[in-house]
Amino acid sequence: MDTSGNSLFDRQRSGYTREFSMLDVFIFNILGFSLGLALSSNPAYIGMFVPHSNILIVIGLGAILAFFNGLVYGWFGAIMPSTGGDYVFVSRSISHRIGFLTNWGFTFCQLYGFAANTSWIFAMAIRPSLLAIGFTSPLPARLTSIIHTSDLSWLLISLSIALFYYLISLLNMRFSRPLVILLFLVGISSPILMAYFLATHTHGDFVSAFNDFVVKNGGHDSAYETVVNMAKARLANAPKTTVFADSLKGLPLGFLCFLGFTYSVYAGGEIEKPEKAQIRGILFALLVGLLAFLGCMGLYAEIVGPEFYGAIGIGEVQTAVGINNAPMNFLTGLLAREHPILNIIMQVGNLIWFLLVPYVILQVCTRNFIAWACDEMFPSWYLKRLPGTNAPWAASLMVTVIGMVFIIILHYSGVSLVGAAALAAVAYLFTGYAAFRLPKVLPEVYKRAPRLAKRTVFDIDFSFFQLAGLISIVGFGYIVYAAVKYPDVAGGDSDMALVMIAVVYLFGLCVYQWRKNKLKKKHDEFTDFNINDLFKEIPED
């Protein structure tokens with residue numbers, strides 16, 4: 001190997017080509033936070049976690065933090081348009097070890113999300129949608145029987161869906177892109193119709209429809225009152241608080257509604273004009289999400305009533321009225337008795353969001369694997385491409401296999417990645433810190449930042465880029481704390497969340513040291529080799 005020049009330190013190219021337009025960035029990010037999925041599942045979680053809160057304040061606070069997070073990722077994506085996103089941002093601005101570990105935790109969280117979302121398609125999308133459609137229009141017996149699909153059958157279906165995502169990922173962009181855009185356009189009908197049904201009905205309409213549904217399914221005729229009474233009893237025993245204090249406590253769930261709206265940075269090497277497309281695509285996706293959440297969730301909370309909104313996500317309450325799940329699309333669909341065809345369109349559109357988000361996660365994780373392989377943290381095998389389509393079949397295959405293993409573990413053990421939200425928040429926290437440090441540690445790179453990012457705040461030597469980073473540090477520091485302290489955010493016991501997080505990062509540290517030692521040994525023959533120089537290079541995808 002020639003060591004006379006810089007060839008020893010040249011990072012291998014990712015193999016991707018610049019094919020993503022700003023429209024692709026926007027759609028990728030909308031699919032990343034899965035607009036329909038967030039609308040369906042988050043209101044019940046927010047109400048259960050902070051029953052005294054105002055959902056509009058919760059979403060608004062989450063959007064403020066998301067805005068600064070979007071600035072950090074959008075500006076980084078403009079000046080370091082590299083495959084791997086925050087892996088490159090943090091490893092080049094702080095340290096390679098920290099960059100790998102933060103991206104490792106984020107990727108681990110995403111792989112769990114791939115498995116969980118694939119497993120939830122039936123429980124949180126198909127089954128509730130069929131129940132809502134069956135309430136507003138007759139369902140054929142075959143469709144009705146799907147509701148009673150066995151757990152083992154759905155496990156096999158989930159694994160088949162994961163394999164299908166892998167096969168789709170092997171297609172040429174000329175085929176996969178139009179398909180994704182078409183599905184996006186169909187899916188966007190769901191929040192539009194949700195808003196329509198909620199805006200054209202009253203609280204009384206909902207009470208009547210909900211009670212009728214429970215009676216039709218073998219329950220009693222005062223189900224709504226049962227939910228309200230259980231909610232009042234729960235609130236009477238809860239610590240006294242204010243609406244704003246409870247809403248601030250709900251900030252983690254408010255932000256999690258937008259989790260995924262910056263996913264385009266992980267495909268940074270594929271954006272045609274990253275200096276413009278990244279920040280615009282990210283912030284436009286945030287704006288669309290904010291308007292949809294404020295409109296639909298605000299109307300929803302008003303229509304169902306504050307007590308119902310705060311209690312319907314609780315398992316004991318659902319058992320008391322004989323329902324298994326209560327996503328917003330299901331409850332909204334109960335209002336569609338006069339428009340059964342529109343209800344079917346809304347439910348199908350909502351299902352598409354559930355179906356697409358694992359595909360996006362597969363794409364993000366594949367790109368992170370490739371970024372690690374480019375830095376020789378993973379074997380070069382992961383860089384293999386499929387002739388004809390140029391698809392990264394090896395990296396995608398490994399991500400799919402790991403995702404399928406997670407699906408099986410979730411099914412048979414019920415063990416979930418407690419504290420998963422903290423793993424994503426850590427990546428955002430350290431990327432904020434990287435933005436805060438960038439002007440001092442990489443001034444030449446910082447010079448490429450957009451003019452607004454470099455503009456100083458109050459005429460002091462402190463830029464908007466650094467301010468966005470500082471706010472991200474504080475905000476995501478709180479989310480890490482909340483994702484461990486509060487069981488409803490952690491996904492289980494707080495102590496177990498700490499154990500899970502520690503295991504993930506310790507596992508990542510072992511992988512890092514093992515690969516780094518192998519890399520040192522590989523280059524031992526070169527006396528002037530400094531491995532830290534290798535990890536300072538900013539890849540030019």
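Please read all numbers here as calculations on a predicted model, not as lab measurements. (Residues numbered from 1 in each chain as written. Predicted model: local features only at pLDDT ≥ 70, side-chain atom pairs only at ≥ 80, totals over all residues. Heavy atoms only, no water.)

1. Remarks on the overall build of the chain
Consideration 1: Counting its secondary structure elements, the chain contains 26 helices and 0 strands.
Consideration 2: Computed over C-alpha atoms, the radius of gyration of the chain comes to 24 Å, within 12% of the 24 Å expected from 2.2 N^0.38 for 541 residues, which places it in the range of a compact globule.
Consideration 3: Per-residue burial over the chain gives 58% buried out of 541 residues.
Consideration 4: Considering only contacts within the chain whose residues lie at least 6 apart along the sequence, 82% involve residues at least 24 apart.
Consideration 5: When the accessible area of the chain is evaluated, it comes to approximately 21,900 Å², of which 65% is carbon and sulfur surface. (Helix = DSSP H or I, 4+ residues; strand = E, 2+ residues; numbered from the N terminus. Rg over C-alpha atoms; globule rule 2.2 N^0.38 Å. Buried < 20%, exposed > 50% of the residue type's maximum accessible area, 1.4 Å probe, protein only. Contact = heavy atoms within 4.5 Å. Areas by Shrake-Rupley, 256 points an atom, 1.4 Å probe, with all protein chains shown as cover.)

2. A few points about the nonpolar core
Consideration 1: Of all hydrophobic cores here, the largest spans 186 residues; its most connected members are Phe-76, Phe-210, Phe-293 and Tyr-428.
Consideration 2: The element that contributes the greatest number of residues to this core is helix 5 (residues 96-136), accounting for 20 residues.
Consideration 3: Contacts of Phe-210, omitting those with residues within four sequence positions, involve Ala-223, Tyr-224, Val-227, Phe-308, Ile-312, Val-321, Ile-323, Leu-331 and Leu-334. (Core = buried A, V, L, I, M, F, W, Y, C linked by side-chain atoms within 4.5 Å.)

3. Some details on the packing of helix 10 (residues 203-216) against helix 11 (residues 223-237)
Consideration 1: It is at 7 Å that the axes of helix 10 and helix 11 come closest, and there the two elements cross at 105°. Taken together, the axis directions place helix 10 and helix 11 in an arrangement best described as roughly perpendicular. Of the residues in helix 11, those in contact with His-203, Phe-206, Val-207, Phe-210, Asn-211 and Val-214 of helix 10 are Ala-223, Tyr-224, Glu-225 and Val-227.
Consideration 2: Here the residues of the contact of helix 10 with helix 11 sort into 7 nonpolar, 2 polar and 1 charged. (Axes fitted to C-alpha atoms, helices over the stretch in contact; angles between N-to-C directions. Parallel < 35°, antiparallel > 145°, perpendicular 65-115°, else oblique. Nonpolar A, V, L, I, M, F, W, Y, C, P; charged D, E, K, R; others polar.)

4. Looking at unusual backbone geometry
Consideration 1: With a phi close to 65°, Glu-376 is a non-glycine residue in the positive phi region.
Consideration 2: Note that Glu-376 resides in the loop between helix 18 (340-374) and helix 19 (393-413).
Consideration 3: Backbone geometry at Asn-390 places phi at a positive 65°, although glycine is not the residue there.
Consideration 4: Along the chain, the position of Asn-390 falls in the loop between helix 18 and helix 19.

5. Focus: helix 14 (residues 274-304)
Consideration 1: Taking 1.5 Å of rise per residue, 31 residues should cover 45 Å, and helix 14 covers 43 Å from first to last C-alpha, within 8% of that figure.
Consideration 2: Looking one or two residues past helix 14, Gly-305 carries a phi angle of roughly 95°, positive in sign. (Expected span 1.5 Å × (residues − 1).)

6. A few points about the side chain of Ser-264
Consideration 1: Its location among the elements puts Ser-264 in the loop between helix 13 (251-256) and helix 14.
Consideration 2: Filtering out sequence-adjacent residues up to four positions away, Ser-264 remains in contact with Val-25, Phe-28, Asn-29, Ile-271, Gln-278 and Ile-282.

7. Quick look at a nonpolar patch on the surface
Consideration 1: Judged by side-chain polarity, Trp-381, Leu-397, Val-401, Val-405 and Ile-409 come together as a nonpolar surface patch covering roughly 370 Å² of accessible area.
Consideration 2: Tracing the sequence through the fold places Ile-409 in helix 19. (Patch = residues over 30% accessible without salt bridge, like charges linked within 9 Å, V, L, I, M, F, W, Y side chains within 5 Å. Salt bridge = Lys/Arg side-chain N within 4 Å of Asp/Glu carboxyl O.)

8. Quick look at the layout of surface pockets
Consideration 1: Of the voids in this model, the second largest pocket is the one considered here, and its volume is about 510 Å³.
Consideration 2: In this structure, the second largest pocket is lined by 30 residues; those nearest its centre are Phe-20, Met-173, Ser-176, Gln-363 and Arg-367.
Consideration 3: Those elements that provide at least two residues to the lining of the second largest pocket are helix 1 (22-33), helix 7 (151-169), helix 8 (173-187) and helix 18.
Consideration 4: Of the residues in the lining of the second largest pocket, the class split is 14 nonpolar, 10 polar and 6 charged. (1 Å grid on protein atoms, 1.4 Å probe; cavity = no way out; pocket = protein on both sides within 12 Å on 5 of 7 lines; lining within 4 Å. Points joined across faces, edges and corners; volume = space filled by probe spheres on them.)

9. Details of the packing of aromatic side chains
Consideration 1: Scanning all chains against the criterion turns up 48 aromatic pairs.
Consideration 2: Ring centres 5.9 Å apart and planes at 20° place the aromatic pair Phe-206 and Phe-210 in the stacked group. Here the residue Phe-206 and the residue Phe-210 both occupy positions in helix 10, the gap between them amounting to 4 residues, near one helical turn.
Consideration 3: The exposure class assigned to Phe-206 is buried, which follows from its relative accessible area of 1%.
Consideration 4: Judged by its relative accessible area of 0%, Phe-210 falls in the buried class.
Consideration 5: Aromatic pair Phe-369 and Tyr-382: ring centres 5.8 Å apart, planes at 70°, arrangement edge-to-face. With a gap of 13 residues between them, Phe-369 in helix 18 and Tyr-382 in the loop between helix 18 and helix 19 connect regions that are remote in the sequence. (Phe/Tyr/Trp six-rings, centres within 6.5 Å; stacked < 30°, edge-to-face > 60°.)

10. A few points about the packing of helix 9 (residues 189-199) against helix 18
Consideration 1: Viewed as axis vectors pointing N to C, helix 9 and helix 18 meet at an angle of 135°, and their least axial separation amounts to 7 Å. Between helix 9 and helix 18, the angle is such that the two are oblique. Once helix 9 is placed against helix 18, the crossing between them reads as left-handed. Judged by residue contacts, Ser-189, Ser-190, Pro-191, Leu-193, Met-194, Tyr-196 and Phe-197 of helix 9 engage Leu-342, Asn-343, Ile-345, Met-346, Gly-349, Asn-350 and Trp-353 from helix 18. (Left-handed = near helix turned anticlockwise from the far one by under 90°.)

11. Notes on helix 11
Consideration 1: A rise of 1.5 Å per residue sets the reference length of helix 11, with its 15 residues, at 21 Å; its end C-alpha atoms lie 22 Å apart and thus fit the reference within 8%.
Consideration 2: The set of residues buried in helix 11 consists of Ala-223, Tyr-224, Thr-226, Val-227, Val-228 and Ala-231.
Consideration 3: Tucked inside the fold, the buried residues of helix 11 contact helix 10, helix 14, helix 15 (306-311) and helix 16 (315-321).

12. A closer look at the confidence of the model for the chain
Consideration 1: When the pLDDT values of the chain are averaged, the result is 90; 95% of them are 70 or greater.
Consideration 2: Scored below 50 in pLDDT, residues 1-9 makes 17 contacts in the model with residues more than four places away or belonging to other chains. (pLDDT = per-residue confidence, 0-100.)

13. Focus: the state of the cysteines
Consideration 1: Throughout the structure, instances matching the rule amount to 0 disulfides.
Consideration 2: The thiol of Cys-257 is not disulfide-bonded; the next cysteine sulfur, from Cys-296, is found 12 Å away.
Consideration 3: Cys-374 forms no disulfide, and the closest cysteine sulfur to it belongs to Cys-365, at a distance of 16 Å. (Disulfide = S-S within 2.5 Å.)

14. Looking at the environment of Val-50
Consideration 1: Within the fold, Val-50 resides in the loop between helix 2 (35-49) and helix 3 (55-79).
Consideration 2: In this structure Val-50 comes out as buried when scored by relative accessible area, which is 0%.
Consideration 3: Those residues in contact with Val-50 that sit more than four places away from it in its chain are Asp-246, Lys-249 and Gly-250.

15. A word on the environment of Ala-195
Consideration 1: Its place among the elements puts Ala-195 in helix 9.
Consideration 2: Residue class for Ala-195 comes out partly exposed when judged on its relative accessible area of 23%.
Consideration 3: For the pair Ala-195 and Gly-298, spaced 103 residues apart in the sequence, the C-alpha separation amounts to 9.7 Å.
Consideration 4: In contact with Ala-195, other than residues within four places in its own chain, are Cys-296 and Leu-299.

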